[in-house]
Amino acid sequence: MVNFDTSLLNSGSYINGCWLDDNADTFTVLNPANNKEIATLANASADDAKRAVDASQEALLSWRHVPAKERARLLRRWFDLVMENKEKLAAILTAEQGKPLAEALGEVVYGANYIEWFAEEAKRVYGDTIPGPSADKRIVVIKQGVGLVSAITPWNFPSSMITRKAAPAMAAGCTFIVKAAAETPLSAIALAELAHRAGIPKGVFNVVVSNRAKEIGYVLTGDPRIAKFSFTGSTPVGKILLEQCAHTVKKTTMELGGNAPFIVFADADLDAAVKGVMLSKFRNAGQTCVCSNRILVQKDIYEEFSKRLVSAVEALEVGEGTKEGIDIGPLIHSGAVSNVESLVEQAVSNGAKVLTGGKRNDLGENFYEPTVLSNVDAQMSVAVNEIFGPVAPLIEFETEQEAIDLANNTEFGLASYIYTRDIGRVWRVSESLEYGMVGINEGIISNEMAPFGGVKQSGMGREGSKYGLEDYLEIKYLCMGGLDS
Ligand code: ADP
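Given the structure is predicted, the values throughout are model-derived calculations rather than measurements.

### Structural notes on the nonpolar core
In this structure, Ile-263, Val-264, Phe-305, Leu-309 and Val-382 are the most contacted members of the largest nonpolar core, which totals 69 residues. Setting aside chain neighbours within four positions, we find Val-382 in contact with Asn-293, Leu-343, Ala-347, Leu-373, Val-376, Ile-387, Val-391 and Pro-393. Counting residues in each nonpolar core, the second largest holds 67 residues, with Tyr-114, Trp-117, Phe-157 and Ile-200 among its members.

### With respect to helix H11 (residues 334-349)
One full turn of an α-helix is made of 3.6 residues, so residues set three or four places apart face in the same direction. Spanning 16 residues, H11 covers 22 Å between terminal C-alpha atoms, matching the ideal 22 Å at 1.5 Å per step. Every buried residue of H11 is listed here: Ala-336, Val-337, Val-340, Leu-343, Val-344 and Ala-347. In an axial view of H11, the angular spread of the buried residues amounts to 130 degrees, which keeps them on one side of the axis. Pointing more than 90 degrees away from the buried face of H11 are the exposed residues Glu-345 and Ser-349. Buried-residue contacts for H11 involve strand E15 (371-374), helix H12 (381-384) and strand E16 (391-397). Following H11 by one or two positions, Gly-351 adopts a phi angle in the positive range, close to 110 degrees.

### Here's the deal with the site of the ligand
Among the 13 residues in the neighbourhood of the ligand, the closest are listed as Thr-153, Trp-155, Lys-179, Ala-213 and Ser-234. Between the ligand and Lys-179, the relevant distance is 3.0 Å, taken from an oxygen atom to a side-chain nitrogen or oxygen of the residue. Protein coverage of the free-state accessible area of the ligand, which is 550 Å², stands at 78%. Where the shell around the ligand is concerned, the elements lending two or more residues are helix H7 (213-222) and helix H8 (235-246). Ranked by residues supplied to the shell around the ligand, first place goes to H7 with three residues. Considered class by class, the residues forming the shell around the ligand number seven nonpolar, four polar and two charged.

### Re the packing of helix H2 (residues 68-84) against helix H6 (residues 186-198)
Their axes nearest at 8 Å, the elements H2 and H6 cross at an angle of 130 degrees. The angle between H2 and H6 places the two elements in the oblique class. In the packing of H2 onto H6, the handedness of the crossing is right-handed. Contacts between H2 and H6 pair Leu-74, Arg-77, Trp-78, Leu-81 and Val-82 from the former with Leu-191, Leu-194, Ala-195, Arg-197 and Ala-198 from the latter. For the contact of H2 with H6, a count of residues per class yields eight nonpolar, no polar and two charged.

The rules behind each value
Within any chain, residue numbers begin from 1 and follow the written order of that chain's sequence. Local features in a predicted model are, by the rule used here, given only for residues with pLDDT of at least 70; side-chain atom pairs are given and counted only at 80 or more, and totals for whole chains, interfaces and linings are based on all residues. The basis for the side-chain values is all heavy atoms of the structure; hydrogens and waters are excluded. Joining through side-chain atoms within 4.5 Å is the link that ties buried Ala, Val, Leu, Ile, Met, Phe, Trp, Tyr and Cys residues into a set, and such a set is a nonpolar core. Buried residues are those whose accessible area, probed at 1.4 Å on protein chains only, stays under 20% of the maximum for their type, while exposed residues exceed 50% and partly exposed ones sit between those limits. Contacts are residue-level and defined by heavy atoms, with any inter-residue pair within 4.5 Å sufficient. Runs of H or I in DSSP of at least four residues are treated as helices and runs of E of at least two as strands, each being numbered from the N terminus. Expected span, for any helix, means 1.5 Å times one less than how many residues it has. The arc refers to the directions leading from the helix axis to the C-beta atoms. One heavy atom within 4 Å of a molecule or strand is enough for the residue carrying it to be called near that molecule or strand. In protein, a polar contact requires one atom able to donate a hydrogen and another able to accept it; more generally it is a pair of N or O atoms within 3.5 Å, and residues adjacent in sequence count only if both atoms are side-chain atoms. Note that accessible areas follow from Shrake-Rupley with a 1.4 Å probe, and for residues the cover is restricted to the protein chains shown. Under this grouping Gly is polar, as are all residues other than the nonpolar Ala, Val, Leu, Ile, Met, Phe, Trp, Tyr, Cys and Pro and the charged Asp, Glu, Lys and Arg. Axis geometry follows a simple rule: fit a line to the C-alpha atoms, using only the stretch in contact for helices, then measure angles between N-to-C directions, giving values from 0 to 180 degrees. The cut-offs work like this: below 35 degrees is roughly parallel, past 145 is roughly antiparallel, 65 to 115 is roughly perpendicular, and the gaps in between are oblique. What makes a crossing left-handed is the near helix being turned counterclockwise from the far one by less than a right angle; a clockwise turn instead makes it right-handed.

Following this line, the structure appears as structure tokens:
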């Protein structure tokens, strides 16, 4: 029994415009709120992934010549269908991922915005003309889609991590294959169904669903016909896949892990800062790569800020995402809960204090209480590792330089946040932070118009904005000679 509309779903992977319905090998999808089975799908093999590459390569021959205006029209149609079906898509997303329904709806719309944005951008792929070095020469630069693109996406944003890659790829004239996370393949299938209904030609957009991540990964990172690989996931897996891509020198976009600092200076608007932490830390139960991971608070306001934060955290409602008024759903699986549990236990045994939460919630195996820890030391594993759960560790600092040093003392460099009303400090700190993104008095920074991405071991490349499209384009230089009369 499932409590969502299944009319957008199908039996398995969507390859070359057809659905894989091989029942010999299947895998199941569970609802993380209760661990009940919600779907059984055909389990794609490496051969199926190769078929997707064949189809995508074939489709590329014509897709790259489809006028940008027509590609834009098809993408726009896909966007419209996603928006028309957003409630159904949100229900599917909550069922397989666990996030509260309102958040799931937010993700579907956020993901759709990328399709709309890149549909518009498809028509604005401009080149350049450059003065030539001599009278008989002209230099012209054109931009063309890179070719066949493959991608692997995670379970924390099952819908938007796909559209954020597929839309710019297709807008640029590339064909696309994605392997969705095995925990959350249903949103991917539903997106494929809508792409099909939108009339996107067969082979242009392919979805592979499977629990054989490694085998499929070898195909999607190793096939020489694939020009670019785009990954969102953990840093350790990203490193493996980057290495695999090296053999055929693929272009890559890597959106990897983070360890976001959230810095609250004494001059900040404290209520705004608490609101910022609530949004950046507790969204998706803390399971986003831009989640605040270390809350750095200046000494003078540490006590007051902790008090206000604890009262906001204690007001959060934990429960099944389908229920009205829920703020925090389950974590993705019990392994995720054990990981959070062990980070909190280690912190407490090293002197951290639990201000609220600090334990599993008795609603079920995958639920963990929203937690605030004080007296956290920068060396504790809860401050060094990506928590990926609803735990806010508070670290005290005294000076601006100390905050910057603490913030930068990590191998990650994805999102960072600062709260201050001093304009000079805004610039000094923003420029000193070794991060791809800085939220200034703002806890939600990701949208389709902005370049999302990290530095250091958080990855490379940008998604969204005009820069996001560049990642799917190749520059070609045409040197025109013999122009003298
Ligand atoms: P998370 O911790 O969010 O699950 P992962 O990096 O483990 O992050 O997974 C992100 C995506 O990478 C998922 O789709 C997963 O199936 C896939 N994946 C994990 N390991 C491999 C691998 N060795 N080869 C290819 N894909 C992988």
